[in-house]
Amino acid sequence: MEVRARAPGKIILAGEHAVVHGSTAVAASIDLYTYVTLGFPTPSDNDDTLKLHLKDMDLEFSWPVGRIKEVLPDLGSHAASSPSSCSSETIKAITTLVEEQNIPEAKIGLSSGVTTFLWLYTSIHGYKPAKTVVTSELPLGSGLGSSAALCVAFSAALLALSDSVTLDFSHQGWQMFGDSELDLVNKWAFEGEKIIHGKPSGIDNTVSTYGNMIKFRSGELTRIKTNMPLKMLITNTKVGRNTKALVASF
Ligand SMILES: Nc1ncnc2c1ncn2[C@@H]1O[C@H](COP(=O)(O)OP(=O)(O)OP(=O)(O)O)[C@@H](O)[C@H]1O
Ligand SMILES: C[C@@](O)(CCO)CC(=O)[O-]
């Protein structure tokens, strides 16, 4: 069985950065998406590995599930329905798994995304073998929420194949999650964002999860419903920045 999830990027219209310190911000989703495809091998595939393919980045990772068990022996009973934070010991253990993959120096910035994947995957599906493919229309590190879209798309795909979400697999095309399922996606995505971002306010994963426009303050979300599409011209300066470092400097 295979699922494909997509999550949009965002633009913050007011309150960027100040939102980290409890001010109100307004954000809108944009029509550029990150896509995650997830599938489990069948027994006849004889494949006992967890695979991640970052297609646009031309990077492929593969971990034998036995190795994941060795490094992360204490996952306990993974519970898709109860999002939890990644402890510093677990981050250290996952970092070992990421370092063993020898990411080339020029692409080392992607390692936090890979760490986040391993945390979300093992928290929701434990030691199960799987194949995951990521593609994205979003530029990374440009303020358009690529990390949040990645976390939301990971969470949505992982939850779609868990017992916590019921989907109609005979349906062709995109399906929308219900409100309680979106809530779960958003909570897991926030836990993922914490790994990439350090101290996120949660606005990026929230607008990527619910779409449209939102007002956000200290974790409180107000959905702004508009039937009028908002036209925005976004210019890519191609000057990247690292949001984790920026937020930490305030
Ligand atoms: N498609 C992707 N594949 C792998 N990693 C990704 C992908 N998209 C985002 N990431 C991870 O997110 C990091 C970029 O996050 P960062 O928060 O710095 O920028 P952003 O999310 O694009 O911008 P902002 O948070 O300011 O809106 C990358 O370094 C990488 O670790
Ligand atoms: C810079 C910031 O305000 C938005 C990043 O897109 C950080 C955050 O709210 O987590």
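Computed from a prediction, not measured in an experiment: that's the story for all the values here. Within each chain, residues carry numbers counting from 1 in the order of the written sequence. Just so you know, chain letters begin at A and ligand numbers begin at 1, following the order they were written in. The predicted nature of this model means local features are confined to residues of pLDDT at least 70 and side-chain atom pairs, given and counted, to a pLDDT of 80 or more, with totals for whole chains, interfaces and linings taken over all residues. Side-chain calculation: all heavy atoms of the structure are included, whereas hydrogens and water are not.

**Q** Even after reading the chapter, I still don't get the overall build of the protein, so can you show me in this structure?
**A** Each helix corresponds to a stretch of at least 4 residues labelled H or I by DSSP, and each strand to a stretch of at least 2 residues labelled E; elements are numbered beginning at the N terminus. What the protein contains, in helices and strands, is 7 helices and 7 strands. By principal-axis analysis of the C-alpha atoms, the protein measures approximately 50 × 45 × 30 Å. Relative accessibility under 20% of the residue-type maximum defines a buried residue, over 50% an exposed one, and the middle range a partly exposed one, all with a 1.4 Å probe and only protein chains included. For the protein, buried positions account for 46% of its 250 residues. Pairs at least 24 apart in sequence give 72% of the contacts found in the protein among residues at least 6 apart. Each accessible area is a Shrake-Rupley result for a 1.4 Å probe, and residues are judged covered by the shown protein chains and nothing else. Total accessible area on the protein stands at roughly 13000 Å², and carbon and sulfur atoms take up 52% of it. Contact definition: two residues touch when any of their heavy atoms are within 4.5 Å.

**Q** What's the story with the site of ligand 2 in this structure? I'm lost.
**A** One heavy atom suffices: a residue is near a molecule or strand as soon as one of its heavy atoms comes within 4 Å of it. Near ligand 2 you find K10, I12, E16, H17, V19, V20, P200, S201, I203, D204, T243 and V247, and these make up its full shell. At a separation of 2.6 Å, an oxygen atom of ligand 2 approaches a polar side-chain atom of S201. Polar contacts here mean pairs of N or O atoms no more than 3.5 Å apart (in protein, one a potential hydrogen donor and the other a potential acceptor; neighbouring residues in sequence count only if both atoms are side-chain atoms). Note that an oxygen atom of ligand 2 is positioned 2.7 Å from one of the side-chain N or O atoms of D204. If ligand 2 stood free it would expose 290 Å²; the protein chains cover 98% of that surface. Applying the majority rule of atoms within 2 Å of the grid points places ligand 2 in the largest pocket. Elements with a contribution of two residues or more to the shell around ligand 2: strand 1 (2-14), helix 6 (203-210) and helix 7 (243-248). Throughout, the protein atoms alone are placed on a 1 Å grid, and a set of points is a cavity if a 1.4 Å probe fits but cannot get out or a pocket if it is open with protein on both sides within 12 Å along at least five of seven lines; lining residues have an atom within 4 Å of a point. Molecule-in-pocket calls rest on the fraction of atoms, with more than half required to lie within 2 Å of the cavity or pocket grid points.

**Q** Hey, could you run me through a nonpolar patch on the surface in this one?
**A** Residues form patches when they are more than 30% accessible in relative terms and have no salt bridge. Like charges link within 9 Å. Nonpolar side chains (Val, Leu, Ile, Met, Phe, Trp, Tyr) link within 5 Å. Salt bridge criterion: a side-chain nitrogen from Lys or Arg within 4 Å of a carboxyl oxygen from Asp or Glu. On the surface, L13, L230, M232 and I234 cluster together into a nonpolar patch covering about 320 Å² of accessible area. Structurally, L230 can be placed in the loop between strand 7 (220-224) and helix 7.

**Q** Teacher, can you tell me more about the packing of helix 4 (residues 146-160) against helix 6 here?
**A** What describes two packed helices is the angle between their axes and the distance between those same axes. It is the contact of helix 4 with helix 6, at a shortest axis distance of 8 Å, that shows an interaxial angle of 55 degrees. Relative to helix 6, helix 4 is oriented oblique. Classified by chirality, the crossing of helix 6 by helix 4 is right-handed. Only D204, N205, S208 and T209 of helix 6 make contact with helix 4, whose side of the interface consists of A148, A149 and V152. To define axes, lines are fitted to C-alpha atoms, for helices over the stretch in contact only, and angles between the resulting N-to-C directions are given on a 0 to 180 degree scale. Convention used here: angles under 35 degrees read as roughly parallel, angles over 145 as roughly antiparallel, angles from 65 to 115 as roughly perpendicular, and any remaining angle as oblique. Crossing handedness is read from the near helix: turned anticlockwise from the far helix by less than a right angle, it gives a left-handed crossing, and turned clockwise, a right-handed one.

**Q** Got a minute to help me understand the packing of aromatic side chains in this structure?
**A** Two descriptors summarise a pair of aromatic rings, namely the distance from one centre to the other and the angle between the planes of the rings. Working definition: rings of Phe, Tyr and Trp (its six-membered ring) pair if their centres are within 6.5 Å, and the pair is stacked with planes under 30 degrees apart, edge-to-face with planes over 60 apart, and tilted otherwise. Enumeration over the complete set of coordinates arrives at 6 aromatic pairs. Ring centres of Y35 and W174 lie 6.2 Å apart, and the angle between their planes is 40 degrees; on these two criteria the pair is classed as tilted. Note that Y35 is positioned in strand 2 (residues 25-39) and W174 in the loop between helix 4 and helix 5 (179-197), a separation of 139 residues in sequence. Relative accessible area serves as the criterion here: at 42%, W174 is assigned to the partly exposed category. Considering the side-chain rings of F117 and Y121, the 5.8 Å spacing of their centres and the 40 degrees angle between planes classify their relative orientation as tilted. With a gap of 4 residues between them, F117 and Y121 both fall in helix 3 (residues 111-125), about one helical turn apart. According to the relative accessible area criterion, F117 is buried, its value standing at 1%. Three or more aromatic residues joined by ring pairs form one cluster here, namely F61, W63, F117, Y121 and F154. One cation-aromatic arrangement involves K128 over F40; the distance from NZ or CZ to the ring centre is 4.1 Å. Two conditions define a charge located above a ring, namely a distance within 6 Å from the ring centre to NZ of Lys or CZ of Arg, and an angle within 35 degrees of the ring normal.

**Q** Sorry if this is basic, but what is going on with the environment of G211 here?
**A** Locating G211 in the fold gives a position in the loop between helix 6 and strand 6 (213-217). Separated by 203 residues in the primary sequence, G211 and P8 place their C-alpha atoms 7.3 Å from one another.

**Q** It is not clear to me how the UniProt feature "domain: GHMP kinase N-terminal" (unreviewed entry) in the protein should be interpreted in this structure. Could you clarify?
**A** In the UniProt entry, the feature "domain: GHMP kinase N-terminal" (unreviewed entry) is given for residues 126-211. Regarding residues 126-211, the helix share stands at 49% and the strand share at 8%, and the terminal C-alpha atoms are separated by 29 Å. UniProt positions are given in the numbering used here, feature names are shortened, and annotations may be inferred rather than shown by experiment.

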